[in-house]
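# Tertiary structure, described
Below, each chain spelled out in residue letters.
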Amino acid sequence: MRIVGPVIASAALFVLSFPNFSIWPLSFVCLVPFFIALNRAVSLRGQAAIGAAWGAVMSAGMGWWLVGTLMGHFEKGPVVSVLFVAAVMAVPTAALYAIFAVIHHTLKKNTIFFSAVMVPSIWTAVEYIKEMVPFLLPWAGIGYAVTPFNAFIQMADTAGYYGVTFVIVMINSLIAYSLRSAEWREIFSKNRAEIPGRLKKTASDNRLPLSIAAAALLVPLLYGAVFGIFFRDRIETGPKPDAIEAVLVQGNLGDRERWADSGLFGRIETHLGLMKDYGRTGRTLFVLPETVLNSTGQENNALLAYISSRSGDDSVVFIGGIRRDRATGGVLNTAYVLSGKELTCYDKNILLPYAETIMGGDFIGKYYNAPSEFLEGATPPAVRTGFGNAGVCICFEVLYPWHVRRAVSEGALYLVNISNDSWFGRSPESAYQVSASVMRAVENRRYLARTSNSGISVLVSPSGRVIAETGLFTREARSGRIFPVSFRSPYSRLGDWVLYLGLLSILAGLVRRAFRE
């Protein structure tokens with residue numbers, strides 16, 4: 001019970017940090033019970049078990065809605081759905097944090113340096129594995145929980161998402177270090193009048209680690225206060241001739257409606273109807289979701305020209321659909337970009353495991369008329385438009401910092417994410433993607449327009465402010481003013497340097513351990 005309780009408590013606090021609860025301040029303390037449990041476990045096997053248990057409980061709390069998705073969207077039975085989610089999410093996540101625990105045990109030292117540097121380095125390395133392994137997703141990252149804390153995340157333009165994560169884990173780890181010898185029963189179960197004094201003594205005995213933790217929180221806040229104001233005052237108020245009216249067009253189509261061949265023209269007219277009140281005052285960017293042109297063979301130049309003609313003379317339209325690759329006959333998940341008479345396409349580069357790729361057999365199968373497998377696209381993520389280059393990502397690609405950064409390095413002046421989250425129902429998944437969209441906007445100091453078929457669609461400023469937002473499962477359009485931004489942030493130039501330094505620290509620790517033995 002001394003181990004199980006802290007593990008469950010830590011995982012529960014972690015989940016409460018995210019939507020739907022959004023008690024984001026908990027992210028700065030939620031890992032403390034987990035780290036204390038690890039520090040008190042003696043054996044390698046015991047630490048690995050603690051890591052695996054934490055990962056399994058956390059993934060269950062963060063991904064419970066996937067069971068409902070499989071049952072409602074793919075019509076799988078409850079037992080099969082639970083087993084599938086356990087196999088593809090809970091077990092891999094448990095394995096990842098067991099790896100964290102093993103490396104933690106291998107390098108463990110009872111020092112402030114280990115808590116302040118090595119623990120967050122190992123944590124960010126484990127999160128990076130989620131990006132690199134094809135059957136995993138880089139979701140449920142603790143750095144995304146604090147996106148409502150706008151001043152704090154401003155440092156992402158220099159340190160990136162992994163820098164934000166590093167600092168949060170550092171604070172948790174230093175607090176756990178400060179409590180390494182504290183016995184909670186002794187502090188809280190005796191005379192309650194003496195509790196403040198006992199807590200004060202614990203803090204006094206650990207002034208240095210707690211001071212470092214406080215600085216780790218206050219320095220980013222100071223940075224955010226200065227640069228957040230700078231970007232709001234300078235970059236987010238550009239010259240009026242460069243202003244673009246960005247319109248988020250949320251059609252809220254039903255799951256089967258999206259894939260009915262006979263309903264293609266009805267889907268188009270639904271979205272054009274939402275667009276009719278916009279595009280009359282000059283430069284207009286229309287962003288339609290991922291799920292509109294879903295009938296291969298019917299998407300021809302005449303149809304696309306019709307959409308463009310209904311959008312206004314000085315407009316750019318992003319509209320999602322599928323197209324068939326002529327060389328292989330396979331299907332691509334595509335963003336069509338209409339800019340006057342010019343048509344450009346972006347094909348999704350990073351496919352969603354199990355839903356867009358077949359791994360370990362076609363278990364999920366196809367949904368209605370939707371393909372069960374897509375081809376991996378090879379087009380660059382920056383596409384040319386009448387308003388300058390735009391960086392495009394489709395659905396879960398927004399979770400990959402390097403992918404969006406690549407678009408900016410290729411000259412993207414603003415960012416577009418088209419998605420469809422309707423198959424996740426009223427789960428917090430759409431809010432998770434909104435958090436990632438906010439982080440990508442701040443990292444690269446770009447406006448980001450995200451439209452999802454059923455919501456939540458958002459328009460995000462370079463400082464991470466949401467300046468337009470739709471509801472969930474509503475049919476509506478929302479607009480806001482954006483500007484092309486050519487400034488390249490330090491993160492856009494340098495990439496994930498915090499992650500790489502952390503990996504070097506881990507490597508140096510392992511080499512030193514090997515030579516000492």
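Anything mentioned here points back to the structure above.
Below or above, wherever it landed, is the structure these notes cover. Predicted model only: the values in this text are computed from it and were never measured. Per chain, residue numbering runs from 1 following the sequence as it is written. In keeping with the predicted nature of the model, local features appear solely for residues at pLDDT of at least 70, side-chain atom pairs appear and are counted solely at 80 or more, and the whole-chain, interface and lining totals rest on all residues. Working from all heavy atoms in the structure, the side-chain values ignore hydrogens and water.

### Overview of the overall build of the protein
Going by this rule: The helix count covers DSSP runs of H or I at least four residues long, the strand count covers runs of E at least two residues long, and both are numbered beginning at the N terminus. Each residue is placed in one exposure class: buried if its accessible area under a 1.4 Å probe, protein chains only, is under 20% of its type's maximum, exposed if it is over 50%, and partly exposed if it falls in between. We call two residues in contact whenever any of their non-hydrogen atoms come within 4.5 Å of each other. Only the protein chains shown count as cover for residues, with accessible areas throughout obtained via the Shrake-Rupley method and a probe of 1.4 Å.
Secondary structure summary: the protein contains 19 helices and twelve strands in total. Classification of the 517 residues of the protein by burial places 56% in the buried group. Contacts in the protein between residues far apart in sequence, at least 24 positions, make up 73% of those at least 6 positions apart. Entry remark: accessible area of the protein is about 21,000 Å², with carbon and sulfur atoms responsible for 62%.

### A look at the packing of aromatic side chains
Worth spelling out the cut-off: Only centres within 6.5 Å qualify two rings of Phe, Tyr or Trp (six-membered ring in Trp) as a pair; their planes then separate them into stacked at under 30 degrees, edge-to-face at over 60, and tilted for everything else.
Scanning the model with the defined rule gives 25 aromatic pairs in all. Aromatic pair phenylalanine 14 and phenylalanine 18: ring centres 5.2 Å apart, planes at 40°, arrangement tilted. Both residues of the pair, phenylalanine 14 and phenylalanine 18, count as buried. What links up through ring pairs into an aromatic cluster is the set Phe14, Phe18, Phe34, Phe35, Trp54, Tyr97, Phe100, Trp123 and Tyr432.

### Focus: helix H14 (residues 264–275)
Test applied: Each residue after the first adds 1.5 Å to the expected span of a helix.
The end-to-end C-alpha distance of H14 is 17 Å, a good match for the 16 Å that twelve residues give at a rise of 1.5 Å each. Among all positions in H14, only Leu264, Arg267, Ile268, Thr270, His271, Leu272, Leu274 and Met275 are buried.

### Things to note about the nonpolar core
Threshold: Residues belong to a common nonpolar core when they are buried Ala, Val, Leu, Ile, Met, Phe, Trp, Tyr or Cys residues joined through side-chain atoms within 4.5 Å.
If you look at the biggest cluster of nonpolar residues, it comprises 129 residues, and the most contacted ones within it are Phe35, Trp54, Phe100, Trp123, Phe152, Leu285 and Phe318. No other element matches the 14 residues that helix H9 (residues 156–178) contributes to this core. Formed by 19 residues, the second largest nonpolar core is a distinct cluster that contains Val247, Leu264, Met275 and Ala477.

### Some points on the pairing of strand E7 (residues 390–394)
We apply this condition: Should DSSP find at least two bridges between two strands, the strands are regarded as paired. We call a crossover right-handed when, viewed with the strands running away from us, the connection from the first strand over the helix to the second turns clockwise.
A large share of E7 lies buried, amounting to five of its five residues. Residues Ala390, Val392 and Ile394 line one face of E7 and the alternating positions Gly391 and Cys393 line the opposite face, and both faces are buried. Connecting the antiparallel pair strand E6 (residues 382–383) and E7 is a turn made up of six residues, with glycine 388 showing a positive phi of about 100°. One ladder, built from five bridges, connects E7 with strand E8 (residues 414–419); its direction is parallel. Within the sheet, the bridge partner assigned to valine 392 lies in E8 and is valine 416. In terms of handedness, the path from E7 via helix H16 (residues 401–409) over to E8 forms a crossover that is right-handed.

### Describing helix H6 (residues 112–132)
For clarity, the threshold we go by: Consider a residue and the seven residues that end there alongside the seven that start there; fitting an axis to each set, the bend is the angle between those axes.
Counted at 1.5 Å a residue, the expected span for H6 with its 21 residues is 30 Å, and the 30 Å between its end C-alpha atoms agrees. For H6, the principal kink sits at methionine 118 and spans about 30°; a proline, proline 120, occurs within the next four residues. Burial runs high along H6: 16 of the 21 residues are buried.

### A look at the environment of serine 121
Of note, serine 121 is situated in helix H6. Remark: the alpha-carbon pair of serine 121 and valine 167, spanning 46 residues in sequence, is separated by 10.0 Å. Beyond its immediate stretch of four places on either side in the chain, serine 121 contacts Phe166, Gly502, Ser505 and Ile506.

### What about the sheet that holds strand E10 (residues 458–460)?
Stated formally: Axes, fitted as lines to C-alpha atoms, cover a helix only where it is in contact. Angles between the N-to-C directions of the axes lie from 0 to 180 degrees.
Strands sit in the order E6-E7-E8-E9-E10-E11 across an open sheet of six strands; the sheet is mixed. With one partner strand each, in any of the chains shown, E6 and strand E11 (466–469) form the two edges of the open sheet. When E8 meets strand E9 (residues 448–452), the two strands line up parallel, connected through five bridges. Within the sheet, the bridge partner assigned to asparagine 417 lies in E9 and is arginine 450. Contacting E6, E7 and E8, H16 runs over the sheet at an angle of about 160° to E7.

So, to be careful, I would describe these as geometric facts and stop short of saying anything about function.
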